[in-house]
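The primary structure of each chain is shown beneath.
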Amino acid sequence: MPTLDLKTNVSLPDVNKYMLELSKTAAETLGKPEKYINITVSTQPMTFQGTLDPAFQCTIISLGNLDSNSCARYSKTFFEYFERTLGVKDDRGYITFVDPGRSNLG
Ligand SMILES: O=C(O)c1cc2cc(O)c(O)cc2[nH]1
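Residues numbered from 1 in each chain as written. Predicted model: local features only at pLDDT ≥ 70, side-chain atom pairs only at ≥ 80, totals over all residues. Heavy atoms only, no water.

Peer 1: Honestly, the pairing of strand β4 (residues 93–98) in this entry has me stumped. Any pointers?
Peer 2: Successive side chains on a regular strand alternate, one facing one side of the sheet and the next facing the other. Residues Gly93, Ile95 and Phe97 point to one face of β4 and are all buried, whereas Tyr94, Thr96 and Val98, pointing to the other face, are not buried. With six bridges connecting them, strand β3 (residues 56–61) and β4 associate as parallel partners. Each residue of the ladder has a partner; that of Ile60, found in β4, is Phe97. As for the winding sense of the linkage, the β-α-β connection from β3 through helix α2 (residues 68–86) to β4 is right-handed. (Buried < 20%, exposed > 50% of the residue type's maximum accessible area, 1.4 Å probe, protein only. Helix = DSSP H or I, 4+ residues; strand = E, 2+ residues; numbered from the N terminus. Pairing = 2+ DSSP bridges. Right-handed = clockwise from strand over helix to strand, strands pointing away.)

Structure representation (structure tokens):
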């Protein structure tokens, strides 16, 4: 069950629609079936680089596919996606990838 938790200061007119689209993009990007993908999206106050301009934080938890080449590829895809769908410039977000190991997940 790969999880993607997105926090952004950009208002979303329809957060459910956004999550459903992001779920498909996450499945495709991470190469895991959408039936296991878990998405959360929160809109909240956020600063980045000392300004209130559009920004995001994203944490992705996934098992077995987070080597450095793959993370660079996923980052490029997600940064482009967030720029296109949220209007966030490509230097105004962080993505944290976490592979806790299967024995640490329930
Ligand atoms: O990538 C997986 O298969 C995966 C990620 C993930 C995250 C999580 O919080 C779970 O409880 C299970 C799990 N499986």
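Peer 1: Help me understand the site of the ligand in this model?
Peer 2: All residues in the neighbourhood of the ligand are listed as Met1, Pro2, Thr3, Lys32, Ile61, Ser62, Leu63, Leu105 and Gly106. At 2.8 Å, a backbone N or O of Met1 approaches a nitrogen atom of the ligand. A distance of 3.1 Å is found between an oxygen atom of the ligand and a backbone nitrogen or oxygen belonging to Gly106. For the shell around the ligand, a count of residues per class yields five nonpolar, three polar and one charged. (Near = heavy atom within 4 Å. Polar contact = N/O pair within 3.5 Å; in protein donor to acceptor, adjacent residues only side chain to side chain. Nonpolar A, V, L, I, M, F, W, Y, C, P; charged D, E, K, R; others polar.)

Peer 1: Is there a simple way to think about the nonpolar core in this case?
Peer 2: The nonpolar side chains of a soluble globular protein tend to be buried with one another. Counting 26 residues, the largest nonpolar core has Leu4, Leu6, Tyr18, Leu22, Phe78 and Phe82 as the members making the most contacts within it. In terms of residue count, the dominant contributor to this core is α2 (seven residues). Contacts of Leu4, omitting those with residues within four sequence positions, involve Leu22, Ala26, Asn38, Ile39, Thr40, Cys58, Thr59, Ile60 and Phe78. (Core = buried A, V, L, I, M, F, W, Y, C linked by side-chain atoms within 4.5 Å. Contact = heavy atoms within 4.5 Å.)

Peer 1: I'm lost on the state of the cysteines in this one. Help?
Peer 2: What we call a disulfide is simply a covalent bond connecting the sulfur atoms of a pair of cysteines. Under the criterion given, the structure shown has zero disulfides. Between Cys71, a cysteine without a disulfide, and Cys58, which holds the nearest cysteine sulfur, the sulfur-to-sulfur distance is 11 Å. (Disulfide = S-S within 2.5 Å.)

Peer 1: Honestly, the pattern of salt bridges in this entry has me stumped. Any pointers?
Peer 2: Think of it this way: side chains of opposite charge can pair up when their charged atoms draw near. Scanning the entire structure with this criterion turns up four salt bridges. A salt bridge links Lys7 to Asp5, with the nearest nitrogen and oxygen atoms 2.9 Å apart. Judged by relative accessible area, which is 24%, Lys7 ranks as partly exposed. For Asp5, a relative accessible area of 23% corresponds to the partly exposed category. Residues Glu80 and Lys76 are paired through a salt bridge, measuring 2.8 Å at the closest nitrogen-oxygen approach. Of this pair, Glu80 and Lys76 both sit in helix α2, separated by four residues, roughly a single helical turn. When its relative accessible area of 53% is taken as the criterion, Lys76 is described as exposed. (Salt bridge = Lys/Arg side-chain N within 4 Å of Asp/Glu carboxyl O.)

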